[in-house]
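A look at the structure
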Amino acid sequence: MNIAMLLDMATAGNPDRVAIGSRASGTTSAQLRRTAGGVAAVVHRAGARELVFAGVNGSAFPVLLFGAALAGVPLVPVNYRLSAEALTGLLGHTEKPLVVADEAFAGVFADAGLDVRTPTSLLAEAHAATPAEGLEGSADDPAVLLFTSGTTAAPKAAVLRHRHLTSYVLQTVEFASAAPDDTVLASVPPYHIAGVGSVLSNLYAGRRMVHLGAFEPGSWLRLVRSEGVTSAMVVPTMLARIVEHLDGRPAEVPTLRSLAYGGARMPHTVLEAALRAFPGTGFTNAYGLTETSSTIALLGPDDHRAALASDDPAVRARLGSAGRMVPGVEAQIRDASGNVQLPGVPGELWVRGPQVSGEYKGAAAQLDADGWFHTRDLAHFDEDGYLFIAGRADDTIIRGGENIAPAEVEDVLLRHPAVREAAVVGVPDEEWGERIAAFVVTHEGSAVDAESLRAWVRNRLRGSKTPDVVVFREELPYTPTGKLLRRRLVAAAQDD
Ligand code: AMP
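I will try to describe carefully the structure that is included in this document. (Residues numbered from 1 in each chain as written. Predicted model: local features only at pLDDT ≥ 70, side-chain atom pairs only at ≥ 80, totals over all residues. Heavy atoms only, no water.)

Moving on: the environment of D382. With respect to the element layout, D382 can be found in the loop between strand 18 (373–381) and strand 19 (387–392). As for D382 and L212, which are separated by 170 residues in sequence, their C-alpha atoms are 37 Å apart. At 3.0 Å, the side chain of D382 forms a polar contact with the side chain of R318. (Helix = DSSP H or I, 4+ residues; strand = E, 2+ residues; numbered from the N terminus. Polar contact = N/O pair within 3.5 Å; in protein donor to acceptor, adjacent residues only side chain to side chain.)

Here's what the structure looks like:
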C-alpha cells in the first residue's frame, strides 16, 4: 500500500471535511487530493527523483508529502535551521532533487545551483497542472527520507518505505474515527518523524489539522483556545516552556482532550507541573524512533491517572514509563552478548514489526537475521510489560570500569528543589577513563553550590556516580525537536 491510498480513503470517506486550516476557509480532503495530484505533475515534469522540503510546518507540508507519493518519489524534509554548509552537506545525499523552500531559506539552495521553488510558487503551478495519475509506485518504494537527529554521530538518512508508514497508521489509527469538531495542533517540525506521522494518522482519522510554524508557548496556548483544539503533540522542551510560561496558573484550554508528548525523555518535574496545569486533559507518552516510523510504545491517559493516584511505588513509577508496545511491534531487552533479559533487568531494546525500517540510505541492512532492529536505547520492562527508557546506550559513561547511565544521575539532580534542568556527560579522563560532568540550570531566584549538589547525589546514589564537576549554565543546548546535544557539552567540559 502507498501512503497516497490513505489520502484516497479519507477523500472517499469524507470528501468535504476540512483537513487543513481554519474551519471556514481550510482545505478539504478532496481539495488536498486534487492539489497533491498537481504537485505530482510538477515533480514529474521537472524530472526530479526526490522532493526536498525546507520549510516550517504549515499547510504546504501535507500537500508535498502526498504530492511526492503520487509522483513516485520520496519526500526529503530537511532542518531549515541548519547552517548553509550543513544543508548543502545533507543535499550531497540526495539525487536529482526538486527543492521547495520557504522564502527565508531558499537562497542557500539557489546558491548551490539547485532547482528551487517556494511553497507559494509550487502550489500555484500545481493548481494550474493536470493532476498526475498512475505514477505512485509500489509499497516497497521509499516514501520519506528523514535525517536522524545526529546527537551522537553525523546525521544519516533513514529510509521509510510506504509499507512501513502505512503499517504504522493501519495498526494504530482507526479509520474516520474523529468527530466532526476534532482538531489537532501540529507544532513539531516536518523534518521530524512525529511531523510525518501526525499528517498521516490525523488525515486517516479525519481530524482537522492546524499548524503553528514556529513554536512559542503563548502562541501555542492562544491557538489551542481560538481554534478549539482537541489534541496536540509536543516534545519535552516545548512542554517545559509552556509550563514555565503558565508559571503555576491553569492552562484554561477546555477543548483540549488529549496532549501527547515524546521524542526525548520527559523530566518528571515538567510532567507533574503539566498535569497540574492541564487538569482536564488526558496525557499520552509516545516513544519511538525515526527508524521505527514513529510511535512504538504508548503510555495512555488512564495509565497516567492510575499512576498519579496509586500508593504502590511500582505503579507510581509508571509516570516515568513509555508505556506498552503498540500492536504489531515486538520487543526484547538484550544484554551485550545478545541474551534476552527478564522483566526488571536492564539491557538494550530490540524491536521488530512491519513499521520498523532500520534502513539508512547507502548503508547495508541494519536488521539482524530474524528481522530485529537495535534501537540502542537502554531500557527495561516491568512485570506488566511497561517499558522504561533510560537513554541512549552511546551516552553511557564508563568511569573506572563502571557503567553509569546519565539519566540516573540527571533524575536525582532534578529532584533537588533548586534544579530546573540537568545534563550529565562523560568527559575523557586519564585516571578514570571518563569523569562525570553535570551541567545544571537552576530555577530563577534559587541558589545552590556545586558542593551541595555533589553531596545531594552522593547521599542518594553511590559515590562513584557523584559528578566530579558541576557546571552552572543559563540554558542547555537542545535540538528544536527537544534532544539534548550532549556532544556540545562534552566539548564544553573539555575546554573548561
Ligand atoms: P529520533 O529518531 O531522532 O527521533 O530519536 C529517537 C530517540 O529519541 C529514541 O531512540 C529515544 O532515545 C528518544 N525518545 C523518543 N521518544 C522518547 C520518549 N517518549 N521517551 C524517552 N525517550 C524518547
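Anyway, onward from the coordinates.
A few words now on the nonpolar core. In terms of nonpolar packing, the biggest core is built from 53 residues, with V39, L51 and L200 touching the most fellow members. If we ignore the near neighbours within four places in the chain, the residues touching L200 are I3, L6, L65, F66, L165 and V169. One finds V235, I242, V243 and L246 within the second-largest nonpolar core, a separate group that totals 33 residues. (Core = buried A, V, L, I, M, F, W, Y, C linked by side-chain atoms within 4.5 Å. Buried < 20%, exposed > 50% of the residue type's maximum accessible area, 1.4 Å probe, protein only. Contact = heavy atoms within 4.5 Å.)

With respect to topology, three strands assemble into an open sheet ordered 22-23-24, the strand pairing being mixed. Strands at the two margins of the open sheet, each flanked by one partner only, are strand 22 (419–429) and strand 24 (469–472). Ignoring which end each strand starts from, the neighbouring axes of this sheet average 25° apart. Relative to strand 24, strand 23 (residues 433–442) runs parallel, the two sharing four bridges. Counted as the bridge partner of A438 is V470 from strand 24. Against the sheet, helix 14 (residues 406–414) contacts strand 22 and strand 23, and its axis sits at roughly 145° relative to strand 22. Sitting on the sheet, helix 15 (residues 450–460) touches strand 22, strand 23 and strand 24, and the angle it makes with strand 24 is about 125°. (Pairing = 2+ DSSP bridges. Axes fitted to C-alpha atoms, helices over the stretch in contact; angles between N-to-C directions.)

Quick look at the packing of helix 14 against helix 15 now. Where helix 14 contacts helix 15, the two axes come as close as 10 Å, and the packing angle between them is 115°. By crossing handedness, the relation of helix 14 to helix 15 is classed as right-handed. Seen from helix 14, the contacting residues are V409, V412 and L413; seen from helix 15, they are L453, W456, V457 and R460. A breakdown of the residues in the contact of helix 14 with helix 15 according to their chemical character gives six nonpolar, no polar and one charged. (Left-handed = near helix turned anticlockwise from the far one by under 90°. Nonpolar A, V, L, I, M, F, W, Y, C, P; charged D, E, K, R; others polar.)

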